[in-house]
Amino acid sequence: MKKEELKPLALAWQDVVKAETEKISEKKISLRQDPDAVYREAYQEVASMVEARMATFERYTMVVDAFESKGGDPDLVKDFRTYRDSILFNETALASPRAIFLAILNWATRRDGGIAVLKDIGIVLLAFLALLAVARTVGAAARKWIGRVPTISKLLETFLVGVVFWLVLTMGLLLVLAGLGVNIAPIFAMIGGASFILAFALQDTLGNLASGLMIMINQPFDEGDYVQVGGVGGTVKSVSIVATTVATPDNQVIVIPNKNVWGNVITNVTASTTRRVDLVFGISYEDSIPEALEVMNRVVSNHPSILSDPEPVIRVHQLSESSVNFICRPWVKTEDYWAVYWDLTHQMKEAFDEAGISMPYPQRDVHIKNRTGARS
């Protein structure tokens, strides 16, 4: 309709609202003038009249909104809305507590009022429970399907399953709300508007989120790996979209923001199935190098956890100030690393003692000059 047509229509609806408001006012006045007529049915009759007028108010508001959207006189639009708001405000302010209570009670017991709202809430709750079951079933199916892909890590698998779960749950709830007649367009508009605000307010969190995605996609480590990152060494327990949880060897649980993980050097200690144990042993300059090599080779070859391929490397490494140092570098399975490290340290000391080979501690010769210049 054109602007010229909407103006008289708005005035007509204003007259209808005025007429219904006058009826309600006359009914209230009659109740106050005749105390004997004040009974529950009378208040319910007033409440019914107010509710009937609300439908008129809705139509009146729609016409005023249309008149404004077509470029109607702003002052006239303001007058229309002020008239409506003043009626609602005054009636609410002057209403007695009993009238307000009965109006609420009347609305709550109507099939198209409170009962309809309770029915919709019940439908939403039942739909939510059903959607939880569906989302879990779909998530389990997705986990089974994703698990067949050998290149996907446990971290990425957990993330993708979570995405599927929440996507099914969210889309299902939106469909249920749409089926109940709820306009879901404002929800998307609200999410779109809030995203800009959150982008500025949660810059660090978004940085952690992006880093978490990079970790899951590039797979520098997986759950159960022992890593050294950000000055922390421990076993990876879990990786969320914003943080990585690591348990240290002494069972401290440390949560590291993903931005600090991805932005630092990552050492994955358990990524390979085998590791080399690097040890250094020293003997005195008076001891026999061939005899020391024979003792070290014997100890290494007798250890059951040391691999024969690659072969251990035992060589004279350095002539230091107080000792002749040997490197001892056997290869072991990753899970046997520390056991072999400690065993060889223990066994090598005992084997040297049995062979009469000393492991010297640092020594330093001190020369003292007297006043005459002679050394002592």
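Residues numbered from 1 in each chain as written. Predicted model: local features only at pLDDT ≥ 70, side-chain atom pairs only at ≥ 80, totals over all residues. Heavy atoms only, no water.

J.: Can you walk me through the overall build of the chain in this structure?
T.: Secondary structure summary: the chain contains 11 helices and 10 strands in total. Here the contacts in the chain between residues at least 6 apart in sequence split such that 64% fall between residues at least 24 apart. Summing over all exposed atoms, the chain offers an accessible surface of approximately 24,200 Å²; the carbon and sulfur share of this is 60%. (Helix = DSSP H or I, 4+ residues; strand = E, 2+ residues; numbered from the N terminus. Contact = heavy atoms within 4.5 Å. Areas by Shrake-Rupley, 256 points an atom, 1.4 Å probe, with all protein chains shown as cover.)

J.: What should I look at first to understand the side chain of Asp 287 in this one?
T.: Along the chain, Asp 287 falls in the loop between β7 (279-283) and α10 (289-302). Buried charge without a salt bridge: Asp 287, with Lys 349 as the nearest opposite-charge side chain at an N-O distance of 11 Å. Separated by 2.8 Å, the side chains of Asp 287 and Ser 284 make a polar contact. Within the local environment of Asp 287, its side chain forms a polar contact with the side chain of Ser 358, the two groups lying 3.0 Å apart. Non-local contacts of Asp 287, meaning those with residues more than four positions away in its chain, are made with Gly 356, Ile 357 and Ser 358. (Buried < 20%, exposed > 50% of the residue type's maximum accessible area, 1.4 Å probe, protein only. Lys, Arg positive; Asp, Glu negative; His and termini not counted. Salt bridge = Lys/Arg side-chain N within 4 Å of Asp/Glu carboxyl O. Polar contact = N/O pair within 3.5 Å; in protein donor to acceptor, adjacent residues only side chain to side chain.)

J.: Would you take a moment to explain the sheet that holds strand β2 (residues 232-239) for this structure?
T.: Two orientations exist for strands paired in a sheet by backbone hydrogen bonds: parallel and antiparallel. Judged by pairing direction, the sheet is antiparallel, and its 5 strands sit side by side in the order β4-β3-β2-β1-β5 without closing on themselves. Two strands in the sheet have a free side with no partner beyond their single neighbour: β4 (253-257) and β5 (267-268). In the sheet, β2 pairs with strand β3 (residues 243-247) via 4 bridges, with the strands oriented antiparallel. Along β3, the bridge assignment pairs Val 239 with Thr 244. (Pairing = 2+ DSSP bridges.)

J.: For this particular structure, what's the right way to read the packing of aromatic side chains?
T.: Aromatic ring pairs are reported here in terms of the distance separating the ring centres and the angle at which the planes meet. For the coordinates displayed, the defined rule picks out 4 aromatic pairs. Linked through ring pairs, Tyr 337, Trp 338, Tyr 341 and Trp 342 together constitute an aromatic cluster. Directly above the aromatic system of Tyr 337 lies the positively charged group of Arg 275, at a separation of 3.8 Å from the ring centroid. (Phe/Tyr/Trp six-rings, centres within 6.5 Å; stacked < 30°, edge-to-face > 60°. Lys NZ or Arg CZ within 6 Å of the ring centre and 35° of its normal.)

J.: Would you mind showing me how to read helix α11 (residues 337-354) here?
T.: Because each turn of an α-helix spans 3.6 residues, side chains separated by three or four positions in sequence point in the same direction. Taking 1.5 Å per residue, 18 residues should reach 26 Å; α11 reaches 26 Å between its end C-alpha atoms and fits that length. One or two steps after α11, the chain reaches Gly 356, where phi turns positive at roughly 75°. (Expected span 1.5 Å × (residues − 1).)

J.: Sorry if this is basic, but what is going on with the side chain of Asn 325 here?
T.: Along the chain, Asn 325 falls in strand β9 (residues 324-329). Since its relative accessible area comes to 12%, Asn 325 is described here as buried.

J.: What is the right way to look at α10 in this model?
T.: The terminal C-alpha atoms of α10, which comprises 14 residues, lie 20 Å apart, in line with the 20 Å expected from a rise of 1.5 Å per residue. Taken as a whole, α10 has its buried residues at Ala 292, Val 295, Met 296, Val 299 and Val 300. Down the axis of α10, the smallest arc covering the buried residues is 125°, so these residues share one side. What points out from α10, more than 90 degrees from its buried face, is the exposed set Pro 290, Ser 301 and Asn 302. In this fold, the buried residues of α10 make contact with β7, β8 (313-319), β9 and α11. (Arc of directions from axis to C-beta.)

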